[in-house]
Amino acid sequence: MMNRRTFLSTSAKFGGLLLLQTVGFGCQPEKPGLSLTLTPLPYPVDALAPFLSEDTVRTHYEKHHAAYLERTRQLIGRSRSGAKTLAEVAAAARADGDDALFNNAAQALNHELYWQSMKPGGGGEPTGELHKRIQNGWGGYRPFREALLAAAREQFGSGWVWLVAKGGGLEILHTDNAETPAVEGAVVLTALDVWEHAYYLDYRNRRMDYVEAFLDHLVNWDFALRQLQSTVDEPS
Ligand code: MN3
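Residues numbered from 1 in each chain as written. Predicted model: local features only at pLDDT ≥ 70, side-chain atom pairs only at ≥ 80, totals over all residues. Heavy atoms only, no water.

Draft legend 1. Quick peek at the sheet that holds strand β1 (residues 159–166). Judged by pairing direction, the sheet is antiparallel, and its three strands sit side by side in the order β2-β1-β3 without closing on themselves. Bordering the open sheet on either side are β2 (169–176) and β3 (187–193), each of which pairs with just one other strand. The sheet shows a mean angle of 20° between the axes of neighbouring strands, direction not considered. In this structure, β1 lies alongside β2, joined through eight bridges in antiparallel fashion. Along β2, the bridge assignment pairs Gly159 with Asp176. Across the sheet, helix α6 (residues 128–138) is in contact with β2 and β3; its angle to β2 comes to roughly 80°. (Pairing = 2+ DSSP bridges. Helix = DSSP H or I, 4+ residues; strand = E, 2+ residues; numbered from the N terminus. Axes fitted to C-alpha atoms, helices over the stretch in contact; angles between N-to-C directions. Contact = heavy atoms within 4.5 Å.)

Draft legend 2. Examining the pattern of salt bridges more closely. In total, this model carries 12 salt bridges according to the counting rule given. Arg145 serves as the salt-bridge partner of Glu212, at 3.0 Å between the closest nitrogen and oxygen. Of this pair, Glu212 sits in helix α9 (residues 207–218) while Arg145 sits in helix α7 (residues 141–154), and the two are 67 residues apart along the sequence. For Arg145, a relative accessible area of 7% puts it in the buried group. A salt bridge links Arg206 to Asp209; the nearest nitrogen and oxygen atoms lie 2.8 Å apart. Each member of the salt-bridge network shares a partner with another, and the members are Arg145, Glu146, Glu212 and Asp216. (Salt bridge = Lys/Arg side-chain N within 4 Å of Asp/Glu carboxyl O. Buried < 20%, exposed > 50% of the residue type's maximum accessible area, 1.4 Å probe, protein only.)

Draft legend 3. Just the coordination of the manganese ion, in detail. Listed as protein donors to the manganese ion are His60 (NE2), His111 (NE2), Asp193 (OD) and His197 (NE2); their distances from the metal cover 1.9 to 2.2 Å. Within one chain, the residues serving as donors to the manganese ion are arranged as H-x50-H-x81-D-x3-H. Within this pair, whereas His111 is found in helix α5 (residues 99–116), its partner Asp193 is found in strand β3, the two being separated by 82 residues in sequence. On the basis of relative accessible area, Asp193 is assigned to the buried category, the value being 0%. (Donors = N, O, S within 2.8 Å, 3.2 Å for Na, K, Ca; no water.)

Draft legend 4. Representation of the packing of helix α4 (residues 86–96) against α5 in the model. Two numbers describe how α4 lies on α5: the axes approach to 8 Å, and their chain directions differ by 155°. Classified by the angle their axes make, α4 and α5 are roughly antiparallel. Crossing handedness for the pair α4 and α5: left-handed. Counted together, Leu86, Ala87, Val89, Ala90, Ala93 and Arg94 of α4 and Leu101, Phe102, Ala105, Ala106, Ala108, Leu109 and Glu112 of α5 form the full contact between these two elements. Residue classes in the contact of α4 with α5 are distributed as 11 nonpolar, no polar and two charged. (Parallel < 35°, antiparallel > 145°, perpendicular 65-115°, else oblique. Left-handed = near helix turned anticlockwise from the far one by under 90°. Nonpolar A, V, L, I, M, F, W, Y, C, P; charged D, E, K, R; others polar.)

Draft legend 5. Structural view of the side chain of Arg133. With respect to the helices and strands, Arg133 occurs in helix α6. Classification of Arg133 as buried rests on a relative accessible area of 8%. A polar contact is formed between the side chain of Arg133 and the side chain of Glu129, at a distance of 2.7 Å. Those residues in contact with Arg133 that lie beyond four places of it in its chain are Trp138, Gly167, Gly168, Gly169, Leu170, Leu228 and Val232. (Polar contact = N/O pair within 3.5 Å; in protein donor to acceptor, adjacent residues only side chain to side chain.)

Draft legend 6. Structural detail: the environment of Ala92. Considering the arrangement of structural elements, one finds Ala92 in helix α4. Note: C-alpha distance between Ala92 and Arg80 (12 residues apart in sequence) is 8.9 Å.

Draft legend 7. Local environment of the nonpolar core. Judged by nonpolar contacts, the single largest core of 69 residues is most densely connected at Leu52, Tyr114, Met118, Leu189, Tyr210 and Val211. When residues in this core are grouped by element, the largest group, nine residues, is from α5. In this structure, Leu52 is in contact with Val57, Tyr114, Met118, Ala198, Asp202, Tyr203, Tyr210 and Leu218, ignoring residues within four places of it in sequence. (Core = buried A, V, L, I, M, F, W, Y, C linked by side-chain atoms within 4.5 Å.)

Draft legend 8. Inspection of the packing of aromatic side chains at higher detail. In the structure shown here, the tally under the stated rule is 11 aromatic pairs. Both rings, one in Tyr68 and one in Trp195, keep their centres 6.5 Å apart while their planes meet at 75°; by these two values the pair is edge-to-face. Of this pair, Tyr68 sits in helix α3 (residues 54–75) while Trp195 sits in the loop between β3 and α8 (200–203), and the two are 127 residues apart along the sequence. Take Tyr68: its relative accessible area is 12%, and that puts it in the buried class. (Phe/Tyr/Trp six-rings, centres within 6.5 Å; stacked < 30°, edge-to-face > 60°.)

Draft legend 9. Layout of the pairing of β3. Across the seven residues of β3, seven count as buried, placing the element largely inside the fold. Note that β1 and β3 share six bridges and pair antiparallel. Paired with Trp160 across the two strands is Asp193, which belongs to β3.

So this is what it looks like as structure tokens:
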């Protein structure tokens, strides 16, 4: 580990080049470590067709998702938190009672999770630890799928359906608007956007057709397994 003294003596060897760094040393940017750039989609914009059209994905990503992030960027200046992630920004905004910043930061985070929760050629029954936990929790994939469909059906108005890791098991949740278990520290395995903008161009009012297509053809269980593995790998 390099302290200030060794840093300065190292700098001296490199003369003027590192002078700039020496001047900047100890100065903190306004929001250190916080990146508010739009994460690239993990697949081409037309890769989820025909289950989600290029038009739907492009509009959702380039307009809705990008706007949440841009609004977060605009609002973050008024937050005094040292938040380094979108989850921390949203949690701090909630603690401050800043609903606008919470909503936009949480939605930016939710959409990052949503894009990762799908892949071309996804869907169907998961394997490995996920399969085991589904067996333990629901007795099989069919009742598990029914429980996810029920959560989507129960969600009145805009919101999200979630699969999260809980204890040694799994939990299905649904939340309103921007509300998200990711801000409460839950490990999200799957995020399913059930706002109308997620499906209306392709499915009109048929939300459940979209949800079934998500589960049967799009959901990325590899991502869910990786997320689950991150909870197992954590030292206890
Ligand atoms: Mn959305």
